[in-house]
Amino acid sequence: MSEYGYSYHRSIGGRHSRREEKDLISGIRKQHYDEIREHCLAEEELFEDPEFPTEDSSIFYSQAPPREFEWKRPHEICDNPVFIADGASRFDVQQGELGDCWLLAAIASLTVNQRLFAKVVPPDQSFQDGYCGMFRFHFWRQGEWVEVVVDDRLPTYYGQLTFMHSVDKNEFWSALLEKAYAKLEGSYESLKGGSTCEAMVDFTGGVSEFFDLKKAPPNMFSIMLKASQRGSLMGCSIDADPNELEARVDNGLVMGHAYSITSVILMDIETPSMSGKIPMVRIRNPWGNEAEWKGRWSDQSREWSLIPDSQKKAIGLTFDDDGEFWMSFDDFRGNFEKLEICNLGPDSLEEDELDGKKRWEGHTENGEWIPRVNAGGCRNYLDTFWTNPQYRVTLTDPDDDDDDDLCTMLVGILQKDRRKKRKEGLDMLTIGYVIYKLDDEGHGPLDIKYFKYHASSAKSPSFINLREVCGRHKLAPGTYVIIPSTFEPHQKGDYLLRIFTEKANQTNEMDEETGIIEDQEIPPPTEEEQEQEQALKASFRRVAGDDMEIDAYELRDILNTVFTRDGSIEFSFDGFSLDTCRSMVAMHDGDLSGKLGFDEFKVLWRDLRRWKGVFREYDRDKSGKLSSYELRSALHASGFRLSNRTFSALVMRYSSKDGNVEFGDFILCAIRMKTMLASFKNIDEENSGHAAFDLDGFIQTVMYS
């Protein structure tokens, strides 16, 4: 295999590139189409993809194949293979043995928009000019467009394609597209079962919506019509029969099966007594056969006699057993149960394609839920919910065509790489989000007190184990906070937050700037602490000697005499380590002597007294430990402001595997934070947030904290 991630037949499998390729796409090495193609043509070799080899593991990850598949190139399957024959259409998508009708429905919808199709399936590929056994496809992957290359060896059985194929036996774009998508997800088996919108999002970069048609909003047809006019992709389905796979209903529809919606229109209707418009929906079954709707407006039904010939021609009406049929919107809503809409992103339509259409305004944020840091779970878990990531969004202008002065906002939370991780035993997390109205626009991250006393303004339709959860909300202009979360706390996952609005919005993660809170009040010492201070002063003079300075060893003896004495603190504590005491000395050792004088010791004692009081306040069960979720509040009460990145690093450094922070580690964390911040401030004289360290200065700062 070369460093570029490709290999060749016979002679050059061990060749290495001069530069090492490090970037990955969803766990596979990024491969460069032009470089591979140029080399293959020069060597007169056909590409063999080492990232997706012709092995059983590329088809199944959880079982042995039910039969022996043979991988063949298209010219080994037929005499005259073509990539795309007479233009790509929804009729080129036929389902094979794989249960991925959801993917087929999305591909069929994609063919309706030829520009989007050409973006996913570059048309400048063929089995003639420049053929080298390799094809490329583009997918939107978790925030960016990526190129996936595959060789053209396809699984067959008795010389026929096993999985997706075209009606035309010599057309191969759909089979190769399915292979590229399987490679992206890890295997063909990874494509079994899914949501049509999942693939629609990967083909467009749009935000998906999910509707329960039994609870459809009154303006459901208007939403669908506007979505169709914006070029959105749509799919629909009927809930599955638990006793039968893809059971057929008497009306011709199939339960538990994904359909694509290829048109939504107001169709002209004309009778001797009236004329008008009727809301209509065109639907396609990816099987591409006679399994079609048999009710009103089905093929050859008498209702079509009411439609002018010009209207029939305009909508391209045909009566073939091709899996495509029309339904009135009322019949559609009465028979189908689920609707998925993939709203195209701001970059999906070019200026010359808008033609009066509106384009969504969009914003994207990448984030992660980290156990022990910010994986707080849903609102049911109030003690940890507030630690979840928080995002501020400001809606300024109401929608143009609405009379209620409200703003439309689509919110989507997409969890990353979960389908690919099935082979690792990981399934989709149950995810959702909550939205709160914020009165103070300059407010920092909201704490637990806020959520105790404020109700939410909106929330996701449900917490559900789909790859993406999306909701449509109508909100008054103002500032809101979006909190994405898993349902259960302590679950790890990466996500993408996307916000679409009809008008421009302002969005950013709610965060603090790391620093020290100045002029914090320090409570007066208690009677017990005053006694401790006198004892410490006597101990200091006794240990320090004539120079009145102590080193880390002597400091350890002095402090541990007090802190481990019965009754000084309410929990078991074995005393400060030598490493912690060295950090204490470094915090106030301005002359780098490695020792503290009594005045410096008094400042240290004041800090320790304050930090001990904070720890005691948050250690409500007197265990001598804080949960990592309480650590941020405790550090804030100790005088520190912490950015999300800094806090995450502190939790990873100072908490145990069970997510707890012991008293000694809490003190060490506070000491090192104060020392590092003071060192930075001394160099950042202009308070710009940037400081230039030379190597020696950096080493001294790190070593002396």
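For the structure itself, look to the data block above.
What you see is a predicted model, and the numbers here were worked out from it, not measured in a lab.

Student: Please explain the overall build of the protein as it appears in this structure.
Tutor: A count of helices and strands for the protein gives 20 helices and 30 strands. The buried share of the protein, reckoned over its 705 residues, is 52%. The long-range share in the protein, meaning contacts at least 24 apart out of those at least 6 apart in sequence, stands at 74%. Looking at the protein as shown, the accessible area adds up to about 32,500 Å², and 46% of this sits on carbon and sulfur atoms.

Student: Would you explain the packing of aromatic side chains in this entry?
Tutor: Summed over the entire model, instances satisfying the criterion amount to 38 aromatic pairs. On the basis of an interplanar angle of 70° and a centroid distance of 5.9 Å, the ring pair of F463 and F487 is categorised as edge-to-face. Of this pair, F463 sits in the loop between β20 (458–459) and β21 (468–475) while F487 sits in the loop between β22 (478–486) and β23 (493–501), and the two are 24 residues apart along the sequence. On the accessibility criterion, F463 (25% relative accessible area) is partly exposed. Three or more aromatic residues joined by ring pairs make a cluster, and in this case those are F83, F127, Y131, F135, F137 and F172. Its end group placed over the ring of Y157, R67 keeps NZ or CZ at 4.8 Å from the ring centre. The residue whose ring lies beneath K437 is Y480, and the NZ or CZ to ring-centre distance is 5.4 Å.

Student: Where do I start with the nonpolar core in this structure?
Tutor: Side chains that are nonpolar tend, in soluble globular proteins, to be buried together. Membership of the largest hydrophobic core comes to 56 residues, with the highest contact counts inside it found for L103, F137, F139, W173, Y188 and F203. For this core, the secondary-structure elements that each account for two or more residues are α3 (101–110), α4 (114–120), β6 (134–141), β7 (144–151), α5 (173–185) and α6 (196–204). If we ignore the near neighbours within four places in the chain, the residues touching Y188 are F52, S58, I59, W71, L98, L154, P155, F163, E178, K179 and A182.

Student: Explain the packing of α3 against α6 here, please?
Tutor: Two numbers describe how α3 lies on α6: the axes approach to 7 Å, and their chain directions differ by 45°. The angle between α3 and α6 falls in the class oblique. Once α3 is placed against α6, the crossing between them reads as right-handed. Contact residues: W102, L103, A105, A106, I107, S109 and L110 in α3; T196, E198, A199, M200 and F203 in α6. Looking at the contact of α3 with α6, its residues break down into 9 nonpolar, 2 polar and 1 charged.

Student: I tried to follow a negative patch on the surface on my own but got confused; where do I start?
Tutor: On the surface, E55, D56, E68, E70 and E76 cluster together to form a negatively charged patch. On the accessibility criterion, E68 (75% relative accessible area) is exposed.

Student: Please explain the pattern of salt bridges as it appears in this structure.
Tutor: The final tally for this structure, using the stated rule, is 27 salt bridges. In this structure, K595 and D547 form a salt bridge, with 3.8 Å as the shortest nitrogen-oxygen distance. One end of the pair, K595, is in the loop between α15 (578–588) and β27 (596–597); the other, D547, is in the loop between α13 (527–544) and β26 (549–550), with 48 residues separating them in the sequence. Note on K595: relative accessible area 29%, which makes it partly exposed. For D547, a relative accessible area of 44% gives the class partly exposed.

Student: Please explain the pairing of strand β12 (residues 258–270) as it appears in this structure.
Tutor: Two faces belong to every sheet, and in a regular strand the side chains alternate between them. Buried residues dominate β12, accounting for 10 of its 13 residues. Sheet topology places strand β11 (residues 233–237) next to β12; 4 bridges connect them, and they run antiparallel. Within β12, the position partnered with C236 by the bridge is Y259.

Student: Looking at this model, I keep getting lost on the sheet that holds strand β17 (residues 391–395). Mind explaining?
Tutor: The strand order across the open sheet built from 5 strands is β20-β19-β22-β17-β24, with neighbouring strands paired in antiparallel fashion. If you trace the sheet from one side to the other, it starts and ends with β20 and β24 (505–509), each paired once. Pairing between β17 and β24: 5 bridges, direction antiparallel. Following the sheet pairing, L395 is matched in β24 by N505.

Student: Sorry if this is basic, but what is going on with the pairing of β22 here?
Tutor: Counting buried positions along β22 gives 9 out of 9 residues, so the element sits mostly inside the fold. Burial along β22 is two-sided: the face carrying G478, Y480, I482, P484 and T486 and the face carrying T479, V481, I483 and S485 are both buried. Looking at chain direction, β17 and β22 are connected through 5 bridges and run antiparallel. When the bridges of β22 are listed, R392 appears paired with V481. Across 8 bridges, the pairing between strand β19 (residues 431–438) and β22 is antiparallel. Across the sheet, K437 pairs through a bridge with Y480, a residue of β22.

Student: Mind showing me how you'd approach the environment of G624 here?
Tutor: Within the fold, G624 resides in the loop between α16 (598–618) and β28 (625–627). Assessed through its relative accessible area of 7%, G624 is described here as buried. Separated by 39 residues in sequence, G624 and F663 have C-alpha atoms that sit 5.8 Å apart. Not counting residues within four places of it along the chain, the set of residues in contact with G624 comprises F571, F615, D619, V661, E662 and F663.

Parameters and conventions
- Residues numbered from 1 in each chain as written.
- Predicted model: local features only at pLDDT ≥ 70, side-chain atom pairs only at ≥ 80, totals over all residues.
- Heavy atoms only, no water.
- Helix = DSSP H or I, 4+ residues; strand = E, 2+ residues; numbered from the N terminus.
- Buried < 20%, exposed > 50% of the residue type's maximum accessible area, 1.4 Å probe, protein only.
- Contact = heavy atoms within 4.5 Å.
- Areas by Shrake-Rupley, 256 points an atom, 1.4 Å probe, with all protein chains shown as cover.
- Phe/Tyr/Trp six-rings, centres within 6.5 Å; stacked < 30°, edge-to-face > 60°.
- Lys NZ or Arg CZ within 6 Å of the ring centre and 35° of its normal.
- Core = buried A, V, L, I, M, F, W, Y, C linked by side-chain atoms within 4.5 Å.
- Axes fitted to C-alpha atoms, helices over the stretch in contact; angles between N-to-C directions.
- Parallel < 35°, antiparallel > 145°, perpendicular 65-115°, else oblique.
- Left-handed = near helix turned anticlockwise from the far one by under 90°.
- Nonpolar A, V, L, I, M, F, W, Y, C, P; charged D, E, K, R; others polar.
- Patch = residues over 30% accessible without salt bridge, like charges linked within 9 Å, V, L, I, M, F, W, Y side chains within 5 Å.
- Salt bridge = Lys/Arg side-chain N within 4 Å of Asp/Glu carboxyl O.
- Lys, Arg positive; Asp, Glu negative; His and termini not counted.
- Charge placed at Lys NZ, Arg CZ, Asp CG, Glu CD.
- Pairing = 2+ DSSP bridges.

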